[in-house]
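# Topology and contacts: notes
Residue-level listing of the chains:
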Amino acid sequence: MVRKLPVLFIIILLLIIIDVNSIFADVEIEEVPLPAEVEAKAFVIKKDKDRLWEKTLILEFPKKRRVLSTIDGFMEVKAVANHSAHPEIWKKVKEEKGGKIYLREVKEKIAKHLGIVPEEIAMLATAADMDNRAVVVKEFKPFVVVALVTAGAKTNALRTGVDEGNYIEGMEPQGTVNIILLTNAQFTDGAMARAIITATEAKTAAFQDLNVPSSYTKGAQATGTGTDNIIVVTGTNGPKVSYTGGHSKIGELIGKAVYEAVVEALKKQNGFKMLKPN
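Residues numbered from 1 in each chain as written. Predicted model: local features only at pLDDT ≥ 70, side-chain atom pairs only at ≥ 80, totals over all residues. Heavy atoms only, no water.

## Let's talk about the pattern of salt bridges
- Tallied over the full model, the rule gives 16 salt bridges.
- A salt bridge links D129 to K55, with the nearest nitrogen and oxygen atoms 2.8 Å apart. Residue D129 is located in the loop between β5 (121-126) and β6 (134-140), and its partner K55 is located in strand β3 (residues 52-69); the two are separated by 74 residues in the primary sequence. Each member of the pair, D129 together with K55, is buried.
- In the salt-bridge network here, residues are joined through shared partners; they are E30, K46, K55, D129, D131 and R133. (Salt bridge = Lys/Arg side-chain N within 4 Å of Asp/Glu carboxyl O. Helix = DSSP H or I, 4+ residues; strand = E, 2+ residues; numbered from the N terminus. Buried < 20%, exposed > 50% of the residue type's maximum accessible area, 1.4 Å probe, protein only.)

Here it is in structure tokens:
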């Protein structure tokens, strides 16, 4: 005798299945290779509807990692994400609900996909195409450093200390340099903070060598864009490090990885070229 399931149960089951499948429905997943030493799995989830793409780079960790984000500060997370969306999507989002609500919804979808809570994700956002990302690995035993960068600097590049600031809370990403810095080394909180300075110096050197102009002051050399962000992810199995400035070997690796990644990403996204060959 075949036992019939209650209709209500069947409806609930179907709704659950639909919800799970719609978290990232009709998507392509592209793996991003990383060195085993950094203990992270990376992949890009791509969705395209009516030629309006959304692409999210996700770094997933086997256990919680301490990170320092220029958006959220210090966090203990299971994943880091960099979400890119077509400029027309950002325009539509701005008109309909605002960027913060949109990004919260994206983070919730990522959390469901990974089986974690949104609070365990540190996230960046950009209008630069994720396909134009750069991933640069630098090693000097026992250190491994990885820089994952997306970059765009055609619309809001500026020279800090010269250009005016007119930021309004809640504005959507334009051109943006997003840097995720990953390592096997165990950074102190101070080392994580100092790594942001080293990475920023490297980013600015890349802007200079690519001759990226300010979008606001004629003849001024840009030092970055007004919406740049970085997430530093400390390691769990490498040497303990308390200093990440340029005089240290780990600082050298950070600087070179970020510099090369920013140069590559800006070349891909905007077509900038080096002033002089390296």
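## So, the pairing of β6
- Alignment of β6 against strand β7 (residues 143-151), held across seven bridges, turns out to be antiparallel. Bridging from a neighbouring strand, E139 pairs with V144 of β7.
- As consecutive antiparallel partners, β6 and β7 are separated by two residues. (Pairing = 2+ DSSP bridges.)

## Overview of helix α3 (residues 99-114)
- Counted at 1.5 Å a residue, the expected span for α3 with its 16 residues is 22 Å, and the 22 Å between its end C-alpha atoms agrees.
- Restricting attention to buried positions, one finds in α3 the residues G99, Y102, V106, K107, I110, A111 and L114.
- Of the surrounding elements, those touching the buried residues of α3 are β2 (41-49), β3, β4 (73-85), α2 (87-96) and β5.
- Just past α3, the residue G115 takes up positive phi, approximately 75 degrees. (Expected span 1.5 Å × (residues − 1). Contact = heavy atoms within 4.5 Å.)

## Some words on the nonpolar core
- Counting residues in each nonpolar core, the largest one holds 41 residues, and the members touching the most others are V149, F187, V212, I254, V258, V262 and L266.
- When contributions to this core are tallied by element, the ones reaching two or more residues are β6, β7, β9 (177-183), α4 (189-209), β12 (229-233) and α5 (249-270).
- Per element, the largest residue contribution to this core is eleven residues, and it comes from α5.
- If we skip the residues at most four places from it in the chain, V262 touches V149, V177, I179, K203, A206 and F207.
- Residues V32, L124, V144 and I180 belong to the second largest nonpolar core, which totals 23 residues. (Core = buried A, V, L, I, M, F, W, Y, C linked by side-chain atoms within 4.5 Å.)

## Re the packing of aromatic side chains
- The tally for this structure, following the rule as stated, stands at one aromatic pair.
- Above the plane of the ring of F61 lies R65, whose end atom (NZ or CZ) is 4.8 Å from the centre. (Phe/Tyr/Trp six-rings, centres within 6.5 Å; stacked < 30°, edge-to-face > 60°. Lys NZ or Arg CZ within 6 Å of the ring centre and 35° of its normal.)

## A short note on the environment of V137
- Inspection of the secondary structure puts V137 in strand β6.
- Overall, the relative accessible area of 35% leaves V137 in the partly exposed class.
- Sequence separation between V137 and P35 is 102 residues; the distance between their C-alpha atoms is 8.1 Å.
- Contact partners of V137, with chain neighbours within four places excluded, come to P35, V144, V145 and V146.

## Here we look at the environment of L52
- Position of L52 among the secondary structure elements: in strand β3.
- With a relative accessible area of 31%, L52 lands in the partly exposed category.
- For the pair L52 and H86, spaced 34 residues apart in the sequence, the C-alpha separation amounts to 5.7 Å.
- For L52, the residues in contact, after removing those within four places along its chain, are K47, H86, E88 and I89.

## Some remarks on the side chain of D129
- According to the relative accessible area criterion, D129 is buried, its value standing at 17%.
- A distance of 2.8 Å separates a polar atom in the side chain of D129 from a polar atom in the side chain of K55.
- Within polar-contact distance, the side chain of D129 engages the backbone nitrogen of D131 at 2.9 Å.
- Setting aside anything within four residues of it in sequence, one finds D129 in contact with W53, K55, S84 and Q269. (Polar contact = N/O pair within 3.5 Å; in protein donor to acceptor, adjacent residues only side chain to side chain.)

## Considering the packing of α2 against α3
- Axis separation between α2 and α3 bottoms out at 8 Å; the angle between their running directions is 115 degrees. When α2 is examined against α3, the residues I89, W90 and V93 are found in contact with a partner set consisting of G99, Y102 and L103.
- Here the residues of the contact of α2 with α3 are counted per class, giving five nonpolar, one polar and no charged. (Axes fitted to C-alpha atoms, helices over the stretch in contact; angles between N-to-C directions. Nonpolar A, V, L, I, M, F, W, Y, C, P; charged D, E, K, R; others polar.)

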